[in-house]
Amino acid sequence: MLSYDIVIVGGGPAGLAAAVAAREAGTESILILERDHELGGILNQCIHNGFGLHTFKEELTGPEYAYRFMKQVYDMKIEYKLNTMVMDISADRVVTTMNKTDGMNQIKAGAVVLAMGCRERPRGALNIPGYRPAGIFSAGTAQRLVNMEGYMPGREVVILGSGDIGLIMARRMTLEGAKVKVVAELMPYSGGLKRNIVQCLDDFGIPLKLSHTVVDIEGKERVSAVTIAEVGPDMKPIPGTEERYTCDTLLLSCGLIPENELSKSAGVELSPVTSGPVVNESLETSIPGVFACGNVLHVHDLVDFVSEEAKRAGENASKYVKEGSKKSGREPIKFVATEGARYTVPSTLDVDRMDDLLTVRFRVGAVYQDSYVSVYFDNERIMHNKKRIMAPGEMEQVILQKKKLAEYPDLKTITIKIEKD
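Residues numbered from 1 in each chain as written. Predicted model: local features only at pLDDT ≥ 70, side-chain atom pairs only at ≥ 80, totals over all residues. Heavy atoms only, no water.

A look at the sheet that holds strand S9 (residues 156–160)
The strands making up a sheet associate through backbone hydrogen bonding, with each pair oriented either parallel or antiparallel.
So, step 1. The strand order across the open sheet formed by five strands is S8-S15-S9-S10-S11, and the pairing between neighbours is parallel. Where the open sheet ends on each side, the last strands, each with one partner, are strand S8 (136–138) and strand S11 (208–210). Looking at each pair of strands side by side, their axes are set apart by 20 degrees on average, direction ignored.
So, step 2. With five bridges joining them, S9 and strand S10 (residues 179–185) adopt parallel strand pairing. Along S10, the bridge assignment pairs Leu-160 with Ala-184.
So, step 3. Across the sheet, helix H3 (residues 139–149) lies against S8 and strand S15 (249–252), angled at about 90 degrees from S8, the strand it touches most. (Pairing = 2+ DSSP bridges. Helix = DSSP H or I, 4+ residues; strand = E, 2+ residues; numbered from the N terminus. Axes fitted to C-alpha atoms, helices over the stretch in contact; angles between N-to-C directions. Contact = heavy atoms within 4.5 Å.)

Re the pattern of salt bridges
So, step 1. Scanning all chains against the criterion turns up 19 salt bridges.
So, step 2. A salt bridge links Lys-71 to Asp-75, with the nearest nitrogen and oxygen atoms 3.0 Å apart. Within this pair, Lys-71 and its partner Asp-75 are both found in helix H2 (residues 62–75), separated by four residues, close to a single helical turn.
So, step 3. Ionic pairing is found between Asp-102 and Lys-81, a salt bridge with its closest N-O pair at 3.0 Å. (Salt bridge = Lys/Arg side-chain N within 4 Å of Asp/Glu carboxyl O.)

Some thoughts on helix H4 (residues 164–175)
So, step 1. For H4, which comprises twelve residues, the first-to-last C-alpha distance of 17 Å matches the rise-based estimate of 16 Å (1.5 Å per residue) to within 8%.
So, step 2. Burial analysis of H4 places nine of its twelve residues in the buried class, which makes it a mostly covered element.
So, step 3. Turning to H4, its buried residues number three or more, namely Asp-164, Gly-166, Leu-167, Ile-168, Met-169, Ala-170, Arg-171, Arg-172 and Met-173.
So, step 4. Gly-177 sits one or two positions beyond H4 and adopts a positive phi of about 105 degrees. (Expected span 1.5 Å × (residues − 1). Buried < 20%, exposed > 50% of the residue type's maximum accessible area, 1.4 Å probe, protein only.)

Considering the side chain of Glu-309
So, step 1. Here Glu-309 is to be found in helix H7 (residues 303–323).
So, step 2. No salt bridge is formed by the buried Glu-309; its nearest oppositely charged neighbour, Arg-361, is found at 4.4 Å.
So, step 3. Polar side-chain contacts of Glu-309 include one of 3.0 Å to the side chain of His-298. (Lys, Arg positive; Asp, Glu negative; His and termini not counted. Polar contact = N/O pair within 3.5 Å; in protein donor to acceptor, adjacent residues only side chain to side chain.)

This is how it looks when you write it as structure tokens:
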């Protein structure tokens, strides 16, 4: 059986950044496993710019951003296998792989980093009535067709969902000569970044209809028309608000789901809110020596945050290989997300093992204006930061200091909530 100190599942931005960080932390024996025929992951099809402002202090396209990390992997001579599916990860970190040259293989790993990314929510999960004709694509599939395969999915387009990929594809399809008639969003707010609404819809005069959904799809061979309607507070369509649009294409941008089939079969505890693993301050999952980072952990809005998180996962995996799992005598502190905050990453915290600063990321469940992000140590409020606006499409964060936490030796819970005053 092959053995490596660290095996990284996924060769996208998270996997690459984790591999580079682990090598820089002194681990030599690293293997990246990637199911596609090239490294870089989803960034290879994201040809728009806007990546890298935090990490490289300049604006890059997706492929340029990915190549910065790929080059480091090449220069450091970190091993990787392409066209390789990971079939199983056991609780004792034996990774079963399959490819057409080696067949089925087993690899013993000192530590595993999960970096499989996320997938789009399919039509079947959306319960849209109507026929099932050609011309219905997820926004990510359409992006790959246009940017990598050179195919145009259609000429008259309706988009359901205002996630970032849907917004970006509204602009991309327009630039390729298609007519994007409307973007309909079920929620009363957009799921994407504010800058994407401005640059991809407003700048091109594409209407965004909030609190709307698709209620009918016409066409047997190919989509011929789509009907949308306004929804009430109960999310049910309101009779009499229907609008019909003739079109040959419907793009679905209705959210992303962390790709956690492998994690689940390995026995990793998953969060019911994020569908990603529950992790501690080291980004270690419920299985010792198995770490998670990037969109497989929770869906990020910026790839720079993915790389930053993956760097921590790579460093901590390297530390685990050298030192094993060091637990302090005290119980881990639990994070509680409530009153507007939906979840936190991490979920628990061991003060003795944390770095001097810990970034805790979370998302809110609705749009909040002129509100405060409050942090409570048990029942004592120790942070109260005003935010002009917060929306579900943008990730929020608070930074905790180790020296501050050391002042509370009996601390049981850290609560993050949204308050009006």
